[in-house]
Amino acid sequence: MNNGASSAVSTSANTFPEMKLKRDKSKRLHRKSSMVMWQAFRYVSVFWLTWLFGSINRLLQLAGREVFWVMVLHAVLVPLQGGLNFLVYKYPVFYRWKETRRKEHAAKRRQRQEEMGVVCSSSRTSVAFSKRFSGMSMEKSERPSEASNISRISEEKSPET
């Protein structure tokens, strides 16, 4: 009986990493299927954008009417379908490039802030400045009062005649 209990404990201990791997794989698959779904949505949107005015134009012609701006949109958008499909095709490459660039800029910004002594609790919250910028290194008696700061700012703004 002890063998059965010990094997149950050992298998439950081994299942946690396996469950984590399955969950990670499921997240990756969901992300990929979501990307495919949005790519298909963009292709369908381009199709409808390019052929909507062509269809309206043909229906109007069947009814015996001709609307100039609908004919112009038909004549302009239908030949653009190939170019718009190309943009949709290349969008994932552009998106990856944009995300990589955004991460690089964030890393450079973080590095500059660390070099300047700026401490960030997070990129989206308030920034707390180091002693060098906040004036905390000055003794209390050396710090300018708020009233003197306000008068100095008002003097700078007022034009001298």
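Residues numbered from 1 in each chain as written. Predicted model: local features only at pLDDT ≥ 70, side-chain atom pairs only at ≥ 80, totals over all residues. Heavy atoms only, no water.

J.: I would appreciate a short explanation of the pattern of salt bridges in the present structure.
T.: Oppositely charged side chains can form a pair if their charged atoms are brought close together. Applying the stated criterion across every chain, the model contains two salt bridges. Among the ionic pairs, D24 bridges to K20, the shortest N-O distance being 3.6 Å. Residue D24 and its partner K20 are both found in helix α1 (residues 2–62); the two are separated by four residues, about one turn of the helix. The partly exposed category is assigned to D24, whose relative accessible area is 26%. For E99, the salt bridge goes to R102, with nearest N and O atoms at 2.9 Å. With E99 and R102 both in helix α2 (residues 68–116), this residue pair falls three residues apart, about one helical turn. For E99, a relative accessible area of 21% puts it in the partly exposed group. (Salt bridge = Lys/Arg side-chain N within 4 Å of Asp/Glu carboxyl O. Helix = DSSP H or I, 4+ residues; strand = E, 2+ residues; numbered from the N terminus. Buried < 20%, exposed > 50% of the residue type's maximum accessible area, 1.4 Å probe, protein only.)

J.: I'm lost on a positive patch on the surface in this one. Help?
T.: On the surface, K25, R28, R31, K32 and K103 cluster together into a positively charged patch. Secondary-structure assignment places K25 in helix α1. (Patch = residues over 30% accessible without salt bridge, like charges linked within 9 Å, V, L, I, M, F, W, Y side chains within 5 Å. Areas by Shrake-Rupley, 256 points an atom, 1.4 Å probe, with all protein chains shown as cover. Lys, Arg positive; Asp, Glu negative; His and termini not counted. Charge placed at Lys NZ, Arg CZ, Asp CG, Glu CD.)

J.: How should the packing of aromatic side chains be read in this particular structure?
T.: Per the stated rule, a full pass over the model turns up five aromatic pairs. Look at F47 and W48: their rings are 5.9 Å apart centre to centre, the planes differ by 80°, and that puts the pair in the edge-to-face class. Seen in terms of ring centroids, F94 and W97 are 5.9 Å apart; in terms of plane orientation they differ by 35°. Their pairing is tilted. Here F94 pairs with W97, and both are found in helix α2, just three residues apart, close to one helical turn. What makes F94 partly exposed here is its relative accessible area of 42%. According to the relative accessible area criterion, W97 is partly exposed, its value standing at 48%. (Phe/Tyr/Trp six-rings, centres within 6.5 Å; stacked < 30°, edge-to-face > 60°.)

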